[in-house]
Amino acid sequence: MAIVVRPQSWQRIEGGVTAAQGFRAAGLHCGIKSARPDLALVVSDTLAAAAGLFTTNLVKAAPVLVSMERIQSGAAQAVIINSGNANACTGAQGLADAREMTALAAQALGIAEEFVLVASTGVIGIPLPMAALRDGIPRLPAALSREGGAAAAAAILTTDAFPKTAAVRLTLKGAAVTIGGMAKGAGMIHPDMATTLCVLTTDAAVPAPILRRALREAADRSFNAISVDGDTSTNDTIFLLANGQAGHPPLREEDDEEVGHFTAALTDVAAELARLVVKDGEGATKLITVTVRGARTTVDARRIMRTVTTSPLVKTALYGGEPNWGRIIAAAGRAGAALVPERVAITIGGVPVVRDGQGIPGAMPRAAEAMRQAAYAIVVDLHLGDGEATGWTCDLNEGYVKINAGYMT
């Protein structure tokens, strides 16, 4: 599927997972955490087409397994999410508990259980406190509203410092269409699908097969292009629900331009949420865009981008404001992609530091000054072809170590 981007073809708007017509949400505290909100519900007023992407980790949490099974139907109406407990590595009881969460939500909403998806996030290996969930889930429907997106986004956080929401509005087949979403994530972030929990919603009319392809393409350009620490969670999940309430005729396979337009706008929402995840990386102080261009192939460009964004040596240099380009070129050279050292050029924060594989005299002080910014770009140009890839990473520092040295105790 080709992405067709029309200039000025959509606009960013306020709102998140409930920005689209026909979606409501709620978030509350049920007792999984000591005080902070820990339970969220997102509901479509009508049955929606649905797609999902899940962790590639072979150790998959119980809610992931349940939702992977449910999403095969291509239809869903609600998503129930708890934070503070991952319900991972909890055996048969964990599966039963995940299914009970969907049953409780379905009963409270008066809908079929098969149309309820489930996700969890938090500590691995501890059984869910089901008494808290049996108390909290029935209370959620009364709190549902179009304004409840913010509460839901807050209720799915773990080590996050802030909620992550985004939305855009576009025109599709003559109708005003909205795409919105919420995400969480600050650690165990790596581009192995899906690196986070994320719920995306739209009032566009998009059949499930097209929705699946659009989500895959959007994820590859967003959540599959970020890294905080190189670790992939057991619970990573992205859901996308499309309820058709914008009122336009459903997209068809032959609607190449419209499908491309929708996919591009969806990618924009996903990319904004993905950048917010990296900006909120555990202990992070810098948001860095890494672009690799001039690669022999796009696959090669992605390999190098991922290697640079996950290199501990690169990431610690980012924290120190140290323009040690040797770490960048060394990471590129071990990525398993075609590279001719004598052709490589590198810029840091807009400052050229490497040309023809060698350092540019006098560039280091200016690059160090550029690295004092909270956000900047690193560009690696291989001068071998047309392959290009962009990803996002953050610095690595003692803040990350402190958070993860005592996460459970």
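In case you missed it, the structure is sitting above this.
Residues numbered from 1 in each chain as written. Predicted model: local features only at pLDDT ≥ 70, side-chain atom pairs only at ≥ 80, totals over all residues. Heavy atoms only, no water.

Chemist: An account of the layout of surface pockets is needed here, citing residue identities and associated values.
Modeler: Taking a probe equal in size to a water molecule and rolling it over the atoms shows the remaining empty space. Computed from the structure, the second largest pocket encloses a volume of approximately 270 Å³. If you go around the second largest pocket, you meet 13 residues; those closest to its centre are Asp220, Arg221, Arg302, Ala389 and Thr390. Counting only elements with at least two residues in the lining of the second largest pocket, the list comes to helix H8 (298-310) and strand S16 (387-394). For the lining of the second largest pocket, the residue count by class is five nonpolar, three polar and five charged. (1 Å grid on protein atoms, 1.4 Å probe; cavity = no way out; pocket = protein on both sides within 12 Å on 5 of 7 lines; lining within 4 Å. Points joined across faces, edges and corners; volume = space filled by probe spheres on them. Helix = DSSP H or I, 4+ residues; strand = E, 2+ residues; numbered from the N terminus. Nonpolar A, V, L, I, M, F, W, Y, C, P; charged D, E, K, R; others polar.)

Chemist: Describe empty space enclosed by the protein, listing the residues and the values that go with them.
Modeler: Under the defined criterion, the tally for this structure stands at one cavity of 30 Å³ or more. Of the volumes computed, that of the largest cavity is approximately 50 Å³. Forming the walls of the largest cavity are Val314, Ala317, Leu318, Glu322, Pro323, Asn324, Trp325, Arg327, Ile328, Ile348, Met371 and Ile378. Breaking the lining of the largest cavity down by element, the ones donating at least two residues are helix H9 (312-320) and helix H10 (325-333). When the residues that make up the lining of the largest cavity are grouped by side-chain class, the tally is nine nonpolar, one polar and two charged.

Chemist: Describe in detail the sheet that holds strand S9 (residues 226-227), supporting the description with residues and values.
Modeler: The seven strands are arranged S9-S16-S11-S15-S12-S13-S14 in an open sheet whose pairing can be described as mixed. Each edge of the open sheet carries a strand with a single partner, namely S9 and strand S14 (358-359). Together, S9, strand S11 (287-295) and S16 form the strand contacts of helix H7 (residues 256-279), whose direction differs from that of S16 by roughly 45 degrees. On the sheet, H8 packs against S9, S11 and S16 and is oriented at approximately 15 degrees with respect to S16. (Pairing = 2+ DSSP bridges. Contact = heavy atoms within 4.5 Å. Axes fitted to C-alpha atoms, helices over the stretch in contact; angles between N-to-C directions.)

Chemist: Explain the environment of threonine 165 to me, and be specific about the residues and the numbers.
Modeler: Positionally, threonine 165 belongs in strand S6 (residues 164-172). Under the relative-accessibility criterion, threonine 165 is labelled partly exposed at 34%. For the pair threonine 165 and alanine 154, spaced 11 residues apart in sequence, the C-alpha to C-alpha distance is 9.9 Å. What threonine 165 contacts, discounting residues up to four positions off in sequence, is Gly15, Gly16, Ala153, Gly181, Met182, Leu273 and Leu276. (Buried < 20%, exposed > 50% of the residue type's maximum accessible area, 1.4 Å probe, protein only.)

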